[in-house]
Amino acid sequence: MSATPLATPTENRSTERHHRADIARLVSMQALFYGVLSVDLTLTALAGLALAPSPLLATLPLTLMVAAGLLAAVLTGLLVARWGYRRVMAAGAGLAVVGGLLSALAVLQDSFLLLCVGTALVGAYTATGGYVRFLAADLSPDGKQERALSTVMYGGLVAAFAGPFTALAASHAFETQFVGSYLLVATIGATAIPLALSISREPTAAAAAASDGRPAASPVRPLSIATALKNPDFVAALVILPVAAALMTLVMAIGPLASTHAGHSETTSTAMIQWHLVGMFAPAVFSGELLRRWGPSTATMVGATVMLAGAVLGATSDGALPMILTLTLVGIGWNLLFLAGSAFLLRCYERGAGSRLQALAEGVTGSASVLASLGAAVVFQTLGWQASNLPGIVLSAALLVWAALRAAAAGGRHGASTSSLTA
């Protein structure tokens with residue numbers, strides 16, 4: 001039997017060009033995804049407060065956005081296994097177009113119900129954005145998956161600097177406040193559609209082998225969830241990602257409300273979200289390399305420590321600067337935890353066979369975000385800003401202890417995870 005020929009240098013160079021182009025598209029898609037997210041996180045709680053029949057319902061549109069994202073996150077993983085990433089992500093972007101238009105109409109008609117529907121549709125789009133990192137990692141050659149995880153987050157950094165103040169500027173572009181912002185959401189969704197469809201290939205084990213110049217691998221079957229749950233790395237991902245998402249969502253949802261309640265300006269509220277997003281994505285410049293060197297266990301402990309520091313600071317003051325620093329630190333902690341949890345998840349399946357595990361991980365993470373978002377207004381109304389940081393202190397401290405005990409139980413082998421991720 002003759003061996004499958006290796007790829008020629010010319011073919012390798014062509015494949016590398018396609019890979020770089022795909023990564024550039026994915027970074028752009030991530031920027032658009034977080035651009036939409038920054039608009040809704042900056043203004044939807046405020047729009048909800050203006051339209052809601054009760055202040056306790058102010059964060060309901062944001063909660064519905066997260067809830068719809070939860071359902072769509074699970075569905076996305078299942079659909080990706082059948083239709084592929086490209087078509088599913090393009091369909092999600094189409095929902096952002098419809099959701100943005102409905103949200104703009106809701107503000108024009110002073111309809112809280114329509115705002116809830118529009119933001120829920122946008123939430124379904126944001127669910128597909130969570131899969132960008134999986135696609136980037138699956139398309140990357142062996143040994144470069146950690147770098148791919150952090151590289152696509154550069155798009156979030158672009159959105160962090162441009163998104164909140166662009167959203168604020170757009171909100172005043174029309175006579176009725178917030179209309180321009182939601183039209184911006186629809187425009188961003190329309191831009192994301194052709195980007196998703198132009199990704200050159202779908203990830204498969206065979207394609208991954210060919211990109212490295214190796215003989216094509218046999219097709220792999222999706223790994224079952226029952227099998228994955230026996231893997232400690234998968235369990236770790238199911239712990240880290242939801243805790244990070246819950247803490248990030250809780251602080252981000254309460255932040256603008258607390259800033260307004262404390263008498264800070266609209267610019268301050270916007271700066272809080274902006275620096276929170278900077279904290280979430282600026283570390284991507286170096287966090288991928290740190291993840292490769294430290295391993296996900298150490299990254300988890302460092303991320304939990306940073307998040308704990310942010311929560312402690314928030315519990316001490318409702319001044320503008322401490323609030324901004326709190327959201328920034330929580331964002332940095334989230335970045336490290338998000339990458340660590342994602343790295344643990346990537347270890348659990350062969351390339352191109354992780355859609356079911358991705359769906360479960362995204363579903364559990366989304367559930368945590370829903371609970372945090374749903375409780376945000378009640379927590380703030382009941383406890384105020386400073387005391388509302390107590391859940392962050394408790395959960396981040398618990399995560400830190402858990403990660404340390406897990407590393408100790410493994411005999412200090414967390415340093416061994418600095419080796420490259422396997423497909």
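Since the model is a prediction, treat every value here as computed from it, not as a measurement.

## Digging into the overall build of the protein
Along the protein, the regular secondary structure elements total 17 helices and zero strands. Of all 423 residues assigned to the protein, the portion counted as buried reaches 56%. When contacts within the protein are restricted to residue pairs at least 6 apart in sequence, those whose partners lie at least 24 apart make up 85%. Accessible surface for the protein amounts to roughly 16,300 Å². Of this, 68% is attributable to carbon and sulfur atoms.

## Quick notes on the nonpolar core
Side chains of nonpolar character tend, in soluble globular proteins, to be buried together. Of all hydrophobic cores here, the largest spans 113 residues; its most connected members are L26 and W334. Ranked by the residues each element gives to this core, the list is headed by helix α11 (residues 232-261), at 18 residues. Beyond its immediate chain neighbours, meaning those up to four positions away, L26 contacts V132, L135, A136, L139, V152 and I199.

## Things to note about helix α5 (residues 132-139)
α5 sits mainly inside the fold: eight of its eight residues count as buried. Among the residues making up α5, those that are buried are V132, R133, F134, L135, A136, A137, D138 and L139.

## Things to note about the packing of aromatic side chains
One pass over the structure, following the stated rule, counts six aromatic pairs. Taking 4.4 Å as the distance between ring centres and 55° as the angle between the ring planes, the aromatic pair formed by F33 and Y34 counts as tilted. Across the pair, Y34 and F33 agree in class, each one buried. A centroid spacing of 6.4 Å and a plane angle of 75° characterise the contact between F33 and Y125, whose relative ring orientation is edge-to-face. With F33 in helix α1 (residues 9-51) and Y125 in helix α4 (residues 112-129), the pair connects residues that are 92 residues apart, well separated along the chain. Taken as a pair, F33 and Y125 share a single burial class, namely buried. Among the aromatic residues, those joined into a cluster by ring pairs are F33, Y34, Y125, F281, W334 and F338.

## Looking at the environment of A407
Its location among the elements puts A407 in helix α17 (residues 390-409). Taking C-alpha positions, A407 is 6.8 Å from S297, a pair spaced 110 residues apart along the chain.

## With respect to helix α8 (residues 179-197)
Over its 19 residues, α8 runs 29 Å from end to end, which matches the ideal 27 Å to within 8%, given 1.5 Å per residue. Restricting attention to buried positions, one finds in α8 the residues V179, G180, S181, Y182, V185, A186, I188, G189, A192, L195 and A196.

## Quick look at the pattern of salt bridges
If the charged atoms of two oppositely charged side chains come close together, the side chains can form a pair. Inspection of the entire model under this criterion finds five salt bridges. When the shortest N-O distance is used, the salt bridge between R86 and E202 registers 3.1 Å. Within this pair, whereas R86 is found in helix α3 (residues 85-109), its partner E202 is found in the loop between α8 and α9 (205-211), the two being separated by 116 residues in sequence. A salt bridge links R347 to D233; the nearest nitrogen and oxygen atoms lie 3.9 Å apart. You can see R347 sitting in the loop between α15 (320-346) and α16 (355-387) and its partner D233 sitting in helix α11, a full 114 residues away along the chain. Residue classification places D233 among the buried residues on the basis of a relative accessible area of 17%.

## Concerning the packing of helix α2 (residues 60-83) against α4
Interhelical geometry of α2 versus α4 gives an angle of 35° and a closest axis separation of 7 Å. Relative to α4, the crossing made by α2 is right-handed. In this structure, α2 contributes L60, P61, L64, M65, A68, G69, A72, A73 and T76 to the contact, and α4 contributes F112, L115, C116, T119, A120, V122, G123, A124, A127 and T128. Residue composition of the contact of α2 with α4, by class: 14 nonpolar, five polar and no charged.

## Quick notes on the packing of helix α14 (residues 296-314) against α15
For the pair α14 and α15, interaxial distance at closest approach is 8 Å and the crossing angle is 160°. What the angle tells us is that α14 and α15 run roughly antiparallel. At the point where α14 passes α15, the crossing takes the left-handed sense. Taken together, the residues of the contact of α14 with α15 sort by class into 19 nonpolar, seven polar and no charged.

## A closer look at the environment of A81
Tracing the sequence through the fold places A81 in helix α2. Distance in space between the C-alpha atoms of A81 and R356 is 7.9 Å, their sequence separation being 275 residues.

## Description of unusual backbone geometry
In this structure, D110 is a non-glycine residue whose phi angle is positive, near 55°. Within the secondary structure layout, D110 lies in the loop between α3 and α4. You can call D110 exposed: its relative accessible area is 54%. You will see that F178, though not glycine, has its phi angle at about 80°, which is positive. Relative to the helices and strands, F178 is located in the loop between α7 (154-171) and α8.

## Focus on the side chain of S103
Considering the arrangement of structural elements, one finds S103 in helix α3. Overall, the relative accessible area of 1% leaves S103 in the buried class. For S103, the side chain forms a polar contact with the main-chain oxygen of G99, separated by 2.9 Å. Dropping the residues within four chain positions of it, S103 is found in contact with L115, G118, T119 and Y182.

## Section: the confidence of the model for the protein
With 87% of its residues at a pLDDT of 70 or more, the protein has an overall mean of 82. Mean pLDDT across the elements of the protein bottoms out in α9 (47) and peaks in α14 (94). Of the regions scoring below 50 in pLDDT, residues 1-6 engages in five contacts with residues more than four places distant in sequence or in other chains. Within the model, the stretch residues 412-423 combines pLDDT values under 50 with 36 contacts to residues more than four positions away or in other chains.

What counts, and at which threshold
- Residues numbered from 1 in each chain as written.
- Predicted model: local features only at pLDDT ≥ 70, side-chain atom pairs only at ≥ 80, totals over all residues.
- Heavy atoms only, no water.
- Helix = DSSP H or I, 4+ residues; strand = E, 2+ residues; numbered from the N terminus.
- Buried < 20%, exposed > 50% of the residue type's maximum accessible area, 1.4 Å probe, protein only.
- Contact = heavy atoms within 4.5 Å.
- Areas by Shrake-Rupley, 256 points an atom, 1.4 Å probe, with all protein chains shown as cover.
- Core = buried A, V, L, I, M, F, W, Y, C linked by side-chain atoms within 4.5 Å.
- Phe/Tyr/Trp six-rings, centres within 6.5 Å; stacked < 30°, edge-to-face > 60°.
- Expected span 1.5 Å × (residues − 1).
- Salt bridge = Lys/Arg side-chain N within 4 Å of Asp/Glu carboxyl O.
- Axes fitted to C-alpha atoms, helices over the stretch in contact; angles between N-to-C directions.
- Left-handed = near helix turned anticlockwise from the far one by under 90°.
- Nonpolar A, V, L, I, M, F, W, Y, C, P; charged D, E, K, R; others polar.
- Parallel < 35°, antiparallel > 145°, perpendicular 65-115°, else oblique.
- Polar contact = N/O pair within 3.5 Å; in protein donor to acceptor, adjacent residues only side chain to side chain.
- pLDDT = per-residue confidence, 0-100.

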